[in-house]
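A structural walkthrough
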Amino acid sequence: MVVQERVSPTPALVQRLRDRLRQAVGAANVRDDAGALVTYATDSTPLARGQPDLVVFPATTDEVASVLRLADEARMPVIPRGSGTNLSGGTVPTRGGIVLVLTRMNRLLEISEGDLVAVCEPGVRTIELAEAAAARGLLFPPDPGSHTTATLGGNVAECSGGLRALKYGVTRDYVLGVQAVLATGEVIRSGGRLVKDVAGYDLRRLLCGSEGTLAVMTELTLRLVPAPESSGTGMAYFADLADAARAVSRVLASGVLPVTLEFLDQVCIGSVEDYARIGLNTDAGALLIFGQDGDAHAIERDMRRMAEACAAEGATDIRIAGSDAEAAELLEARRAVLPSLSRLEPLTILEDATVPRSRIAEMVQHIQAVARRHGLKIGTFGHAGDGNLHPTVVLDPADQHAVNSAHEAFDEIFAKAIELNGSITGEHGVGIVKLPHLERQLGADHVALLRRIKAAFDPHGILNPDKLGS
Ligand SMILES: Cc1cc2nc3c(=O)[nH]c(=O)nc-3n(C[C@H](O)[C@H](O)[C@H](O)COP(=O)(O)OP(=O)(O)OC[C@H]3O[C@@H](n4cnc5c(N)ncnc54)[C@H](O)[C@@H]3O)c2cc1C
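Bear in mind that the values here come from a model prediction, so they are computed numbers and not experimental data.

1. A word on the overall build of the protein chain
Across its full length, the protein chain holds 16 helices and 21 strands. Considered along the principal axes of its C-alpha atoms, the protein chain spans approximately 70 × 60 × 40 Å. For the protein chain, the residues scored as buried account for 56% of the 470 residues in total. Long-range pairs, those at least 24 residues apart, make up 72% of the contacts in the protein chain with a sequence separation of at least 6.

Right, dumping it as structure tokens:
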């Protein structure tokens with residue numbers, strides 16, 4: 001359980017600051033009522049909780065700058081927050097302070113078909129941009145599973161991935177420019193709508209994945225691409241997990257860069273079938289879902305090549321969707337994994353680790369062995385094409401032994417990811433959850449450098465303390 005001891009600002013300090021914040025952003029936008037304090041004590045991370053002193057909802061960059069100046073002067077922690085869907089405790093107010101909720105900054109300012117960019121405020125939800133782009137024949141590729149709720153500010157701050165990352169990359173690959181407010185209130189811009197721009201250090205890249213620890217982003221310029229004509233989807237069952245992992249390598253070596261290459265282990269296949277009754281073969285050891293987008297000819301060619309690669313590695317059954325409805329049915333298997341697992345027990349802990357693609361089978365076998373040793377139910381699914389796996393444990397939080405076992409199991413899983421030259425997080429961020437593992441992956445010198453960078457941006461350490469090594 002991640003519950004931080006509260007080293008809190010004094011009540012007198014909080015009250016003084018509250019009054020000044022109310023002058024800066026309007027009384028209705030500074031809350032300290034029990035409803036707000038309870039709501040913003042947690043995010044989507046299981047078992048992680050803090051206790052904010054104030055919750056502030058700014059509407060403009062100037063208001064954000066005023067809040068940060070006042071907070072910095074008072075040495076009050078500020079926790080930037082979008083929709084709170086992160087899974088790493090990234091918005092948990094571990095030391096109290098101000099939760100700075102950016103969802104009122106939700107204007108999609110511009111979509112430029114000529115420059116292939118969108119300019120928006122950080123509180124715009126991912127799906128809103130995706131839909132606005134699609135209406136103009138354009139695509140914003142990053143598509144985290146939380147896209148209907150998560151904000152673009154949160155996506156950039158976590159450098160979120162999604163199902164299309166193998167072909168299109170992750171959020172970082174679509175951030176052309178950022179306007180951000182530093183902890184001391186100065187407003188900076190890095191990048192813009194230029195494709196080429198090497199003036200100065202690439203701070204917009206540094207802010208991608210900075211998890212609210214360096215600055216508060218208040219405007220984003222994001223790259224769009226032409227939308228593909230159409231798409232194709234297929235699935236292949238394997239008796240054995242190792243066969244499926246080899247098929248991933250063979251697909252990638254076949255000259256195809258799929259838009260989708262997703263993986264479900266046997267636990268996930270069984271739980272999806274129990275939940276969605278879509279006729280999955282629950283005897284199979286693993287399932288790959290593969291897809292391509294582009295023009296009709298390229299899709300036909302690539303889907304055939306991917307099916308051949310799966311057959312060559314011993315796929316027991318291969319299906320290619322003949323229609324959009326059939327494709328949606330195949331993709332349902334992937335979409336239903338998390339909801340299906342989460343109904344097995346009251347608590348679901350979805351984790352995130354990445355290994356080189358050639359080590360996927362080894363990693364999943366390790367996860368299965370860890371699950372058996374600890375007597376835990378762990379289903380593993382994920383973005384096989386990226387080597388990004390989501391081992392997911394389901395348990396009863398009232399069972400303290402199971403909770404402790406889950407923590408031990410994840411320790412072992414992350415240690416294995418590092419041993420295989422992988423990462424403790426591919427897309428969910430470090431937050432507070434992965435902090436104990438960060439130095440093991442990066443080394444002490446690297447973490448010390450992160451801290452010096454943090455100090456240059458945020459000399460008094462007010463921005464999102466306790467996250468990402470800060
Ligand atoms: C069901 C579900 C499915 C998910 N699927 C995926 C997935 O497929 N891929 C994936 O990568 N993630 C996924 N996630 C994780 C999560 O949705 C993403 O990390 C998302 O980008 C967070 O956005 P948010 O608006 O909720 O940010 P929050 O959770 O509010 O914040 C996340 C981080 O960003 C910082 N932050 C937020 N806004 C700003 C800002 N304007 N300036 C500076 N810092 C800021 C916060 O301080 C925090 O560190 C999933 C989560 C859930 C619950």
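After presenting the structure, the write-up continues.
2. Brief notes about the side chain of Ser-112
Within the secondary structure, Ser-112 is located in strand β7 (residues 108-112). Among the residues examined, Ser-112 registers a relative accessible area of 11% and is labelled buried. Within the local environment of Ser-112, its side chain forms a polar contact with the backbone nitrogen of Asp-115, the two atoms lying 2.9 Å apart. Residues in contact with Ser-112, not counting those within four places in the same chain, are Val-117 and Arg-193.

3. Thoughts on the site of the ligand
Close to the ligand lie 33 residues; Pro-80, Thr-85, Ser-146, Thr-151 and Ser-160 are nearest. Pro-80 has a polar backbone atom sitting 2.6 Å from an oxygen atom of the ligand. Between the ligand and Gly-154, the relevant distance is 3.5 Å, taken from an oxygen atom to a main-chain nitrogen or oxygen of the residue. When contributions to the shell around the ligand are tallied by element, the ones reaching two or more residues are β5 (78-81), α5 (152-158) and β12 (215-223). It is α5 that provides the largest number of residues to the shell around the ligand, a total of five residues.

4. Quick word on the sheet that holds strand β10 (residues 175-182)
With antiparallel pairing, the five strands of this open sheet are ordered in space as β7-β8-β12-β10-β11. Two strands lie at the open edges of the sheet, namely β7 and β11 (187-191), each paired on one side alone. Across the sheet, the mean angle separating the axes of adjacent strands is 15° when strand polarity is ignored. When β10 meets β11, the two strands line up antiparallel, connected through five bridges. From the neighbouring strand, Val-181 faces β11, where its bridge partner is Val-187.

5. Some words on the packing of helix α15 (residues 435-442) against helix α16 (residues 444-457)
At their nearest, the axes of α15 and α16 sit 6 Å apart, and the two run at 120° to each other. The pairing of α15 with α16 is recorded here as oblique in orientation. Facing Leu-438, Glu-439 and Leu-442 of α15, the residues of α16 in contact are Ala-444, His-446, Val-447 and Leu-450. Taken together, the residues of the contact of α15 with α16 break down into five nonpolar, one polar and one charged.

6. A closer look at the pattern of salt bridges
The full count for this structure, using the stated rule, is 26 salt bridges. Among the ionic pairs, Asp-466 bridges to Arg-95, the shortest N-O distance being 2.5 Å. Placement of Asp-466 in the segment after α16 and of Arg-95 in the loop between β5 and β6 (98-101) is noted, with a sequence separation of 371 residues between them. Across the pair Arg-189 and Glu-219 runs a salt bridge, and its minimum N-O distance is 3.2 Å. Taken together, the positions of Arg-189 in strand β11 and Glu-219 in strand β12 put the pair 30 residues apart, joining distant regions of the chain. Overall, Glu-219 belongs to the buried group, its relative accessible area being 16%. One connected set of salt bridges, linked through shared partners, spans Arg-18, Asp-19, Arg-22 and Asp-32.

About the criteria used
- Throughout this document, residue positions are counted from 1 along each chain, in the order its sequence is written.
- With the structure being a predicted model, the display of local features is reserved for residues of pLDDT at least 70 and the display and counting of side-chain atom pairs for 80 or more, all residues being used for whole-chain, interface and lining totals.
- The basis for every side-chain value is the complete set of heavy atoms in the structure, and neither hydrogens nor water enter the calculation.
- Numbered from the N terminus, helices here are DSSP runs of H or I no shorter than four residues, and strands are runs of E no shorter than two.
- Exposed residues in this analysis have more than 50% of their type's maximum accessible area, buried residues have under 20%, and partly exposed residues fall in between, with area computed by a 1.4 Å probe over protein chains only.
- What makes two residues a contact is simply this: any of their non-hydrogen atoms within 4.5 Å.
- Definition of a polar contact: a pair of N or O atoms within 3.5 Å, with one able to donate and the other able to accept a hydrogen when the atoms are protein atoms, and with sequence-neighbouring residues admitted only if both atoms are side-chain atoms.
- For this purpose, a residue is taken to be near a molecule or strand whenever a single non-hydrogen atom of the residue falls within 4 Å of it.
- Strand pairing is defined by DSSP finding a minimum of two bridges between the two strands.
- Under this scheme, a helix contributes an axis fitted over its contacting stretch, all axes are lines through C-alpha atoms, and angles between N-to-C directions fall in the 0 to 180 degree range.
- By the definition adopted for this analysis, an angle is roughly parallel if under 35 degrees, roughly antiparallel if over 145, roughly perpendicular if from 65 to 115, and oblique otherwise.
- In the scheme used here, Gly and all other residues not listed as nonpolar or charged are polar, with Ala, Val, Leu, Ile, Met, Phe, Trp, Tyr, Cys and Pro taken as nonpolar and Asp, Glu, Lys and Arg as charged.
- Counted as salt bridges are all cases of a side-chain nitrogen of Lys or Arg within 4 Å of a carboxyl oxygen of Asp or Glu.

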